[in-house]
Amino acid sequence: MLLQRLVEYADTSKDAIPAFYARKPVRWSLAIDGRGVPLGDLVSTADKDDPHRRFGVPRLVPAVTRTVGISPALAVDNGEYVFGWLSEGAKPERVVKQHDAFRALITEWAAAEPEGLGPAIVAFYRNGHAGRLQAPVDWSRGDLISFQVDGAYAADTDPAKRFWAGVAGDRKGSGRSGLCLVCGQVQPLLKTVPQQIPRRWLPGATQSASLVSMNEAVHGYELQKFLTNTPICADCGLKFMTALTDLLSDPLHSTAVSGQNARLAWWVLGGSTFDPWATVEQLDPTQIRNLIAAPADRREATVEDVSRYCSVTVGGNVARVVVRDWVDQPVRQVKNNIRAWFDDHRIVDAWTGEVVTAKVSQLARVAGRFEAGRNGGPGTWTKFGASGEHRPPDVFHRLLGAALLKRPLPPKLLNHVIHRIRIDGRLDAARAALIRLALRRHPSLPEHDRERLTPTLNVEYKQPAYVSGRIFAVMDDLQRTVFRVADQKLNTTFAERYFGRAIDNPQVVIVAGRRSVQAWLKRLRGPLHRPNWSEAYERRFDDLFVQLDAIPHGAVLTDKAQFILGYHQQRAEMRAERMAAAANKKKTDLPPGSNDAAPTADEGDDA
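The rules behind the values
Residues numbered from 1 in each chain as written. Predicted model: local features only at pLDDT ≥ 70, side-chain atom pairs only at ≥ 80, totals over all residues. Heavy atoms only, no water. Helix = DSSP H or I, 4+ residues; strand = E, 2+ residues; numbered from the N terminus. Rg over C-alpha atoms; globule rule 2.2 N^0.38 Å. Buried < 20%, exposed > 50% of the residue type's maximum accessible area, 1.4 Å probe, protein only. Pairing = 2+ DSSP bridges. Axes fitted to C-alpha atoms, helices over the stretch in contact; angles between N-to-C directions. Parallel < 35°, antiparallel > 145°, perpendicular 65-115°, else oblique. Left-handed = near helix turned anticlockwise from the far one by under 90°. Contact = heavy atoms within 4.5 Å. Nonpolar A, V, L, I, M, F, W, Y, C, P; charged D, E, K, R; others polar. Salt bridge = Lys/Arg side-chain N within 4 Å of Asp/Glu carboxyl O. Polar contact = N/O pair within 3.5 Å; in protein donor to acceptor, adjacent residues only side chain to side chain. Phe/Tyr/Trp six-rings, centres within 6.5 Å; stacked < 30°, edge-to-face > 60°.

What should I look at first to understand the overall build of the protein in this one?
Along the backbone of the protein there are 20 helices and 18 strands. For 607 residues, the compact-globule formula gives about 25 Å, and the C-alpha radius of gyration of the protein, at 33 Å, lies well above that figure. Across its three principal directions, the C-alpha atoms of the protein cover 105 × 50 × 50 Å. Counting the 607 residues in the protein, one finds 50% classified as buried.

This is the structure we're talking about:
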């Protein structure tokens, strides 16, 4: 099914690549006229300042997988084949054979397609022009060299494509016909897959790799080598390899994260223009707005019912493609899954008071270690793949699966994130969103509790751990207020000192904290002359403590998460109250807060 979906994508793609061709950078260009006379020296097409031309201009190049044999391409190849140049470590006798084979192929082309550009290149060699050209100083063995005849790129002409399709088909064909397992038609079958995926698109690969390969008897069914028991026709083999390579190399259709050991490529079949990547990773507001509004006003076109979302997650192992995941789902179902994703992870930002969503890559990033800045400077999230990141190795792809396919979250993710919050002392909107997401999708959480886990503070939610987190937030806020009014420097806040311990055992910290609360309230009433503020805090504590039959202790995993969520949302609610009061939009009995800026962190590279 994977191969069939890739072939379907190749058939509908606007950028169709000819049979047995691939897009590769061509470093050097040689211009000749119709009589084979050079119009100058070799010209470099590389531009180090342009990332798309760093190794030359990308062009369609005749390409089939080379093994140990001599196998020239048509009208474009490296310096050993085109000119017989010797590179470091090359064997002279082999290079002679390579060059002779290249010239012989050009001669065959000229005879088969006399109206094409082959005769001009034959004349170039016959008249001895090749021996007069010197290799450029910065030439290397892997550089491709192409011929331009009267301004036309010889390898990309129709006669060249026709001739090359026959040559490459003979090289890679098995010499037999049969029922192709991909298209279901009786066609000439391949001996081996004609192209490979460059290793740069396959994390973990050390060589270019094949999607389907049985080059040793032990790898194949009934100890048969090659594609003997995997019948694939030449047309399908070219299409699915070209399609997969194009998808993996297209930043709009693929992504990879350092250290996550895989690359994901996705595509949509059936005519839908829906872009899931723009929705869950780029957070395109237009895409999100249309996605959420569609069920209500029935604007979703019928094309969504027949369109399908496909994705494949691949890695590499030496010269093999490792398919780690394969997805094929209706677009409408994917849209429903993404709506649920936003419902489950939206969270209030404690500093702005706005309900925000997070990129999948950001949720994966905050699952790693946070490094506090020096001397009060901004901190950083340890980058993906860095030493000591302490980030689950597949968390990005697992979260992406949860977003697009509504798959369960990794069982240990919630415990891991809570551990990182305790160790790092860092709780921001993205980590709070991850906590809420993990809670709402936790298999043991009752449905009535799941619905009460709202993005903002839910004052009607009486779950003991959640209420305890709210109490802890008010305690921390009271301490900050007292020290601010007294104009005293606060080296370590109540939350900074006790938050990690409170997550594990709220009872111990809150009971001990009540003694400090009484002392802080007494200072507000007495030396600081703020009795109204003291009464306001007392009312809040009374309202919260009356909701508790008992303060929880020895919290289980979901209780720890509930405590963190209650703390975050209560802190956000108090700041929002103060911001509204300052703008004369709402009255509050809370004292004015500080004007501290929101803590910042280096977000690192996007996925």
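Help me understand the sheet that holds strand β11 (residues 254–256), please; the structure alone is not making it clear to me.
Hydrogen bonds between backbone atoms are what pair the strands of a sheet, whose relative direction is either parallel or antiparallel. Strand order across the open sheet formed by four strands is β10-β13-β12-β11, with mixed pairing between neighbours. Edge positions in the sheet fall to β10 (205–210) and β11, since each of these pairs with one other strand and no more. Along the sheet, successive strands turn relative to each other by an average axial angle of 35°, direction set aside. Here two bridges tie β10 to strand β13 (residues 308–330), and the two strands are oriented parallel to one another. Looking across to β13, one finds that Ala205 is bridged to Val318.

In this structure, what is going on with the packing of helix α18 (residues 506–525) against helix α19 (residues 531–545)? I would like to understand it.
For any two helices packed against each other, one specifies the inter-axial angle together with the distance between the axes. At their nearest, the axes of α18 and α19 sit 8 Å apart, and the two run at 155° to each other. When the axis of α18 is compared with that of α19, the two are roughly antiparallel. By crossing handedness, the relation of α18 to α19 is classed as left-handed. Along the contact surface, α18 presents Ile510, Arg514, Val517, Leu521, Leu524 and Arg525, while α19 presents Pro531, Trp533, Ser534, Tyr537, Glu538, Phe541 and Phe545. Grouping the constituent residues of the contact of α18 with α19 by class yields nine nonpolar, one polar and three charged.

Mind showing me how you'd approach the pattern of salt bridges here?
Note on pairing: side chains with opposite charge can pair once their charged atoms come close. This structure, assessed with the given rule, holds 27 salt bridges. Notably, a salt bridge pairs Asp11 with Lys239, separated by 2.7 Å at the nearest N-O pair. Taken together, the residues Asp11 in helix α1 (residues 2–12) and Lys239 in helix α6 (residues 234–249) connect sequence positions 228 residues apart. Its relative accessible area of 47% is what places Asp11 among the partly exposed residues. Between Arg440 and Asp344 there is a salt bridge whose closest N-O contact spans 2.8 Å. One end of the pair, Arg440, is in helix α14 (residues 429–440); the other, Asp344, is in helix α10 (residues 331–345), and 96 residues separate them in sequence. By the burial criterion, Arg440 is buried, and Asp344 matches it.

Sorry, what's going on with unusual backbone geometry here?
Trans is the prevailing form of peptide bonds, just as negative phi is the prevailing case for residues other than glycine. Located in the positive-phi region is His390, a residue other than glycine, with phi close to 50°. Following the sequence through the fold, His390 ends up in the loop between β17 (379–381) and α12 (395–405). In this structure His390 comes out as partly exposed when scored by relative accessible area, which is 38%. Notably, Asp487 is not glycine yet its phi reads approximately 55°, a positive angle. Topologically, Asp487 is positioned in the loop between α16 (464–485) and α17 (494–504).

Before we go on, may I ask you to explain the packing of α16 against α18 in this structure?
Two numbers describe how α16 lies on α18: the axes approach to 10 Å, and their chain directions differ by 30°. What the angle tells us is that α16 and α18 run roughly parallel. Between α16 and α18 the crossing geometry is left-handed. Contacts between α16 and α18 involve Ser468, Ile471, Phe472, Met475, Leu478, Gln479, Val482 and Phe483 from the first element and Pro506, Val509, Ile510, Gly513, Arg514, Val517, Trp520, Leu521, Arg523 and Leu524 from the second. Residue composition of the contact of α16 with α18, by class: 13 nonpolar, three polar and two charged.

Explain the pairing of strand β12 (residues 263–269) here, please?
The side chains of a regular strand alternate, residue by residue, between the two faces of the sheet. Of all the seven residues making up β12, seven are buried; the element is thus mostly covered by neighbouring parts of the structure. Residue alternation in β12 divides its side chains into two sets, Arg263, Ala265, Trp267 and Leu269 and Leu264, Trp266 and Val268, and both sets are buried. Relative to β12, β11 runs antiparallel, the two being bridged by three bridges. The residue bridging Thr255 from the neighbouring strand is Leu264, located in β12. Where β11 folds back on β12, the antiparallel hairpin that results is connected by six residues, among which Gly259 adopts a positive phi of roughly 85°. Pairing analysis gives seven bridges linking β12 to β13, with the strands arranged antiparallel. The residue of β13 that forms the bridge with Trp267 is Cys310.

Teacher, can you tell me more about the side chain of Arg5 here?
Examined against the element boundaries, Arg5 turns out to sit in helix α1. Overall, the relative accessible area of 14% leaves Arg5 in the buried class. Setting aside its immediate chain neighbours within four residues, Arg5 contacts Trp267, Leu269, Arg308, Cys310, Trp326 and Asp328.

Looking at this structure, how should I read the environment of Arg171?
Mapped onto the elements, Arg171 comes out in helix α5 (residues 158–172). When the C-alpha positions of Arg171 and Lys191 are compared, they lie 8.6 Å apart, and in sequence the two are 20 residues distant. The residues touching Arg171, leaving out its near neighbours within four places in the chain, are Val64, Ser71, Pro72, Leu105 and Trp164.

It is not clear to me how α12 should be interpreted in this structure. Could you clarify?
Each turn of an α-helix holds 3.6 residues, which means side chains three or four residues apart point in the same direction. Of all 11 residues in α12, 10 are buried, a share of seventy percent or more. In the segment just after α12, Lys406 is the residue with positive phi, at about 55°.

Even after reading the chapter, I still don't get the side chain of Asp344, so can you show me in this structure?
Accessibility expressed as a relative area gives 8% for Asp344, which makes it buried. A polar side-chain atom of Asp344 sits 2.8 Å from a polar atom in the side chain of Arg440. When neighbours within four sequence positions are excluded, Asp344 is seen to be in contact with Arg436, Leu437, Arg440 and Arg441.

Is there a simple way to explain the packing of aromatic side chains in this structure?
Any aromatic ring pair is given by two values, namely how distant the centres are and how the planes are angled relative to each other. Here the structure, examined in full by the defined rule, presents 21 aromatic pairs. Their ring planes at 75° and their centres at 5.5 Å tell us that Phe124 and Phe147 sit as a pair that is edge-to-face. Taken together, the positions of Phe124 in helix α4 (residues 118–126) and Phe147 in strand β6 (residues 144–149) put the pair 23 residues apart, joining distant regions of the chain. For the pair Phe124 and Phe147, a shared accessibility class is recorded, and that class is buried.

Honestly, the environment of Thr206 in this entry has me stumped. Any pointers?
Position of Thr206 relative to the elements: it lies in strand β10. Each C-alpha atom of the pair Thr206 and Pro411 lies 32 Å from the other, and the pair is 205 residues apart in sequence. Not counting residues within four places of it along the chain, the set of residues in contact with Thr206 comprises Arg199 and Val318.

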